[in-house]
Amino acid sequence: MGGARAVPFHCPYCADEDLRPHESGHGAWECAACNRAFQLKFLGLLARRTAPGGPHEQP
């Protein structure tokens, strides 16, 4: 990802948009509206799931 920071658009607790990076490090944010701090973390890519007979099913 080249060190780019993923920026959240809103607080996951109160949905306010007044967010600032939190001092605890990468991916940590604080919300000025509800006074909460939270952290975002990329877990990985998910395998694509398809229903049987779906358009991506292999014969």
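It should be noted that the structure appears before, not after, this text.
To keep things clear, this report deals only with the structure shown in the data block. Predicted model, so just to flag it, every value in this text is computed and none were measured.

1. Looking at the environment of Ala28
- The residue Ala28 is located in strand S2 (residues 28–31) in this model.
- With a relative accessible area of 4%, Ala28 lands in the buried category.
- Separated by 13 residues in sequence, Ala28 and Lys41 place their C-alpha atoms 8.9 Å apart.
- Beyond its immediate sequence surroundings of up to four residues, Ala28 is in contact with Arg20, Pro21, His22, Phe38 and Gln39.

2. Notes on the packing of aromatic side chains
- Inspection of the entire model under this criterion finds one aromatic pair.
- Each ring, one from Tyr13 and one from Phe38, has its centre 6.4 Å from the other, and the planes form 65°; the classification is edge-to-face. Of this pair, Tyr13 sits in the segment before strand S1 (19–21) while Phe38 sits in strand S3 (residues 36–39), placing them 25 residues apart in sequence.

3. Looking at the pattern of salt bridges
- All told, the structure shown has one salt bridge when counted by the stated rule.
- The partner of Asp18 in a salt bridge is Arg20, with the nearest N and O atoms 3.5 Å apart.

Criteria and cut-off values
- Residues numbered from 1 in each chain as written.
- Predicted model: local features only at pLDDT ≥ 70, side-chain atom pairs only at ≥ 80, totals over all residues.
- Heavy atoms only, no water.
- Helix = DSSP H or I, 4+ residues; strand = E, 2+ residues; numbered from the N terminus.
- Buried < 20%, exposed > 50% of the residue type's maximum accessible area, 1.4 Å probe, protein only.
- Contact = heavy atoms within 4.5 Å.
- Phe/Tyr/Trp six-rings, centres within 6.5 Å; stacked < 30°, edge-to-face > 60°.
- Salt bridge = Lys/Arg side-chain N within 4 Å of Asp/Glu carboxyl O.

So yeah, pure geometry; function would need other evidence.
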